[in-house]
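# Observations on the three-dimensional arrangement
Spelled out from the first residue to the last, the chains are:
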Amino acid sequence: MAWHLYRLGRWAFRHRAMVVVSWVLLLILGGTGAATLSGTTSDEFSVPGIESTQAFDLIEERTPDAAPDGATARIAFEAPEGESLQSPQNQQIIGDALEEARTEHVLEMSDPFETGTVSEDGGAAYATVSYDRTSIELTQADRDALESAPEQAQEAGLDVFIGGDALQEIPETGTAELTGVAVAVVVLVLTFGSLLTAGMPLLTALVGVGIGVTGITTLTGFVDLGSTTPILATMLGLAVGIDYALFIVSRYRHEVATGRSYEEAAGRAVGTAGSAVVFAGLTVIIALAGLSVVGISFLTEMGLAAAATVAVAVLIALTMLPALFGFAGRRVASGRLPFLKARDPESTDRRRTIGRRWAELITKHKIVTFVGGLAVAAVVAIPVASMQLALPDDGTAADGSGPREAYDLIAEEFGAGTNGPLLLVVDTAGADDPQAAVEQATAIASSVEEDVATVVSPIPPEGSPAEAVQAFEGQLDQAQYATVTVIPESGPSDAATQQLVDDLREALAPLEAETGAQALVTGQTALGVDISESLADAFPVYLLVVVGLAFVLLAVVFRSVLVPLKAVAGFLVSVGVALGATVAVFQWGWMADLLGIDKPGPVLFMLPLLLTGILFGLAMDYEVFLVSRMREEFVHGAEATDAVVHGFQHGARVVTAAAAIMIGVFGSFALGDDAIIKSIGFGLAIGVLADAFLVRMTLVPAFMALVGRRMWWLPRWLDRALPNLDIEGESLAARTQEPKKESVPA
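Report on the accompanying structure. (Residues numbered from 1 in each chain as written. Predicted model: local features only at pLDDT ≥ 70, side-chain atom pairs only at ≥ 80, totals over all residues. Heavy atoms only, no water.)

Our next topic: the overall build of the protein chain. Check the secondary structure of the protein chain and you find 26 helices and 10 strands. For 746 residues, the compact-globule estimate of 2.2 N^0.38 gives 27 Å, and the C-alpha radius of gyration of the protein chain, at 30 Å, lies within 12% of that figure. With respect to the principal axes defined by its C-alpha atoms, the protein chain has extents near 100 × 50 × 45 Å. In the protein chain, buried positions account for 56% of the 746 residues. (Helix = DSSP H or I, 4+ residues; strand = E, 2+ residues; numbered from the N terminus. Rg over C-alpha atoms; globule rule 2.2 N^0.38 Å. Buried < 20%, exposed > 50% of the residue type's maximum accessible area, 1.4 Å probe, protein only.)

In C-alpha cells form, the structure reads like this:
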C-alpha cells in the first residue's frame, strides 16, 4: 500500500494545478446542488417492528384518514396576573387565535374550554393542533399560520407559547465551527511555527467539509435526513480533516528537513503517514457505516453521511495536500512568526524532550502508572451504570425558547405527564364483546398504581348525547379499535414514565387471552421509550462488531496478538470514560451550569452508538501513529523499553497537537445551545481527551513496558497467513533511491 500511495503523492505533486482545480470544481458543484436541489430535514424517529409503530400502522390501516404519527402543536396560553382566561373576552381571543392556526392540513384542533385543559385558577390553558402529515411535509402556509396565530392574543396581553414538532427548529451551531477553527489555528501555528504550513491542513479540511456538507444538503431534496446529520458531518469533517492533514504535513516537513527533494518528500509523506491516514480513515468509515447493522434508518443515514465526509477528508489529504506542497515549494517553512521558530514535530533528535521525559517517567514507574490510570478511568466511568436513554423533547429545548416555555407552563399547571400522554390502542377485531374489552383495558390501565395521573376512557359516560354514543359504537364496528389515553405523573423522558410503559404492557398482556382484544401501548412518548430500548439492546452487538473489527485490523497492521488486545481494551476504557462523564454532566447535572445545561435529563438515545463508532476510528488513529513508530524502533534492534520511549518521543508532539485540535473542535460544539449537539460534542471531546492522553500516552506505554518484547509475539502460522500492509512504508526504501535535492520554482 505504501508504494501505491507514494506514487499517488508524487503524481499529485507534479499535476498540482489539475488536482486543486478538480477539488475546487467539485466544491462549486456541491454548492450549486445545495442551493438548487436541497429540501428540508426531518427529526422524526421510527423503528420498524416495535409495538408503538405497530399501533400506528394499525390505526392507518383501519382509518386511512387518520395520522397517528402526524405533526402536532401545543399552543399554551397564560393570562396576566390577576386575570382569568375563562372571561368571555379572553375566550374569544383564544378562539380567534386557534382559528388563525387552522389550515387545510389541520386534522383536529382541541378547544381548551371544551376539553377541560384550563387550569383550576383559569390562569393557563392549552390547545392541541393535530395535522394530517408529518412536520417535514407541512407547507410553508401551515407554518406561517401557526407562527402568526398568537399575535392577536399577545397584543391583548396574553402570553402565548408554541411547542410540539410542527414548528420543528433546525439546530444551529452558531460560532461553533469558527471557535473550532480558531483553536486549530493556534495549535497548528504552535506546532509548526509557520503560518503557511499551518494553513495547509486548515484549507484542505475546510474544502473537505464544504464538499461533504453541500453533498448532504443536496441529498435532503431526495432523502429524509435528520437536522443533526450535516452538523455531525461538519464536526467530524473538521476534526479528522485537520488531523489527517497534520500527520502528512508533519511527515513532509520531516522528509524535507532530511534533504530530500520536494517531490520525493511529498511522495514519501503520502506513502508513510498517508498509510496511517488511510487506515485511520478506513476504521472511522467502517465504524460509522457499521451503524447500519442496528437496523434503524435514521442512524444508518447519519452514519453513511458522516462516513462519506470522512472519506472525502482522506482523499483530499492524499491528493490535495501534495499538490499544495508543489505550489508552496521552498516557502513551506516561510511565514514564521517572530516569536516562534520553525519546528519539525517528527524530529529524530534524541534530546530529552518533554515527550521523552514523560515516557521515561511512565516506563520507570510502570506498575504505579498503569494501576493508577486504570483506577482514574474506573472512577470516571462509574456513572455509566445508571445511564438512562431517551429521545429529546421540548423539555430539553433551549431555555427561553417557545417550545421550552410551552413545555414548562403545561408541566407546572397540568402536570409533567401532560406533555407526553400515552395511548392504548385496543384492537377489538378478535373480541366477542368489543365494548367490554375496551372497558377491561381501561380498568387495567387504571389499576396500575405507579405513575398514573389520569386514564381517559373513550366510552361515553352515562347521560352522554346519543350522537356521542353512536359515534363510539360506529368506531368499534367499522375501525374495530378504540384508544384509551393515559396521562403519566412524570415527564416524557423521566425514568418513571419509561417504567410505566413497561408496566402497562405487562398488565395488559393477558387481555388478548381473556377477551380476544389486543392492547398496544403507543404515542410519541412510548415511541421514544421503544427506540431507546432498541438502541440499548443493539449497543452490545454493535460494540462486539467494532471490537472484533479493531482486533483483526490491528493484528494485520502490527503483526502481533497482544497489541490488538491492548488497543481494544484501551478503546473500551475511552468509551467508558466518555459515557461516564456525559452521564455525570447531562443526566446527574454535575457542573451543568458551566456548560449551560439548565435542565439535566436522560442521555441522548443514540449517543452511546455514535460515541463508540467515532471514538473507535479516532482511537485507532492515535494507536497507529504512536505504536507504529515503537514497532519500527523495535524491529530495527532497539530494546523493548527503549523502543517505547523513542517511539513515544517521535510521535508525542504530533499526537498531542492532533488531539488538541479534535478536543477544540468537538468542545466548541459542546458550548452551543442545542442539547443534542452539545451532548455529542461534549462526549467526543472527553473521549478524545481520555483516549489520547490517558490511554494512548499513559496506559499504553506503561503496559508495553510491563510486557516487554512479548508485546510483539505472533505465532508463525499466523505470521504467514496475515497480509503485509507495510503501514510504516518499509518497502519504500527498497524500491526507491535517494534522489538529489532539487528546487521547485517559487
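Together, Val 21, Val 24, Leu 25 and Ile 28 make up an exposed nonpolar region whose accessible area comes to about 350 Å². Along the polypeptide, Ile 28 turns up in helix 2 (residues 16-37). (Patch = residues over 30% accessible without salt bridge, like charges linked within 9 Å, V, L, I, M, F, W, Y side chains within 5 Å. Areas by Shrake-Rupley, 256 points an atom, 1.4 Å probe, with all protein chains shown as cover. Salt bridge = Lys/Arg side-chain N within 4 Å of Asp/Glu carboxyl O.)

With that settled, the discussion passes to the sheet that holds strand 3 (residues 124-131). Sheet architecture is open: 4 strands sit in the order 2-3-1-4, paired in antiparallel fashion. Two strands bound the open sheet, and with one partner strand each, they are strand 2 (106-109) and strand 4 (159-164). On average, adjacent strands in this sheet sit at an angle of 20 degrees to one another, irrespective of strand direction. By the bridge criterion, 7 bridges tie strand 1 (residues 72-78) to strand 3 in an arrangement that is antiparallel. (Pairing = 2+ DSSP bridges. Axes fitted to C-alpha atoms, helices over the stretch in contact; angles between N-to-C directions.)

We now examine the environment of Phe 56. Positionally, Phe 56 belongs in helix 3 (residues 51-62). Since its relative accessible area comes to 7%, Phe 56 is described here as buried. Through-space distance from the C-alpha of Phe 56 to that of Val 546 is 34 Å; in sequence the pair is 490 residues apart. Apart from the residues within four sequence positions on either side, Phe 56 is in contact with Pro 68, Asp 69, Thr 522, Gly 523, Gln 524 and Leu 527. (Contact = heavy atoms within 4.5 Å.)

Note on helix geometry: an α-helix contains 3.6 residues per turn, so any two residues three or four positions apart are oriented the same way. Maximum bend of helix 11 (residues 262-289): about 40 degrees, positioned at Gly 274. Taken across its 28 residues, helix 11 has 23 buried, putting it largely inside the fold. (Bend = angle between axes of the 7 residues up to and from the residue.)

Of note in the backbone geometry, Asp 451 takes a positive phi value of approximately 70 degrees without being a glycine. Of note, Asp 451 is situated in the loop between helix 16 (434-447) and strand 7 (452-456). Using a relative accessible area of 10% as the deciding quantity, one classes Asp 451 as buried. Look at Met 591: it is not a glycine, yet its phi comes out positive at around 55 degrees.

Okay, the packing of helix 3 against helix 20 (residues 524-558) next. The interhelical angle for the contact between helix 3 and helix 20, taken along N-to-C directions, is 140 degrees, at an axis separation of 8 Å. In terms of their interaxial angle, helix 3 and helix 20 are classed as oblique. Residues Glu 51, Ser 52, Thr 53 and Phe 56 of helix 3 lie in contact with helix 20, whose contacting residues are Gln 524, Ala 526, Leu 527 and Asp 530. Within the contact of helix 3 with helix 20, the residues separate by chemical class into 3 nonpolar, 3 polar and 2 charged. (Parallel < 35°, antiparallel > 145°, perpendicular 65-115°, else oblique. Nonpolar A, V, L, I, M, F, W, Y, C, P; charged D, E, K, R; others polar.)

Going through the model one piece at a time under the given rule, you end up with 17 salt bridges. A salt bridge links Glu 263 to Arg 14, with the nearest nitrogen and oxygen atoms 2.6 Å apart. Here the residue Glu 263 occupies a position in helix 11, and Arg 14 occupies one in helix 1 (residues 2-14), the gap between them amounting to 249 residues. The exposure class of Glu 263 is buried, given its relative accessible area of 10%. Looking at Arg 14, the relative accessible area reads 45%, which means it is partly exposed. The shortest N-O distance in the salt bridge between Arg 356 and Glu 360 comes to 3.2 Å. With Arg 356 and Glu 360 both in helix 13 (residues 354-364) and 4 residues apart, this pair spans about one turn of that helix. Owing to a relative accessible area of 14%, Arg 356 belongs among the buried residues under this scheme. Taken together, the shared-partner salt bridges connect Arg 10, Arg 14, Glu 263, Glu 264 and Arg 268 into one network.

On to the environment of Leu 167. On the secondary structure map, Leu 167 appears in the loop between strand 4 and helix 8 (176-192). Distance from Leu 167 to Thr 72, taken between C-alpha atoms, is 8.8 Å for residues 95 residues apart in sequence. Once residues within four sequence positions are removed from consideration, Leu 167 is found in contact with Arg 143, Leu 146, Glu 147 and Ile 162.

Everything listed here is a matter of geometry and, on its own, says nothing about what the molecule does.
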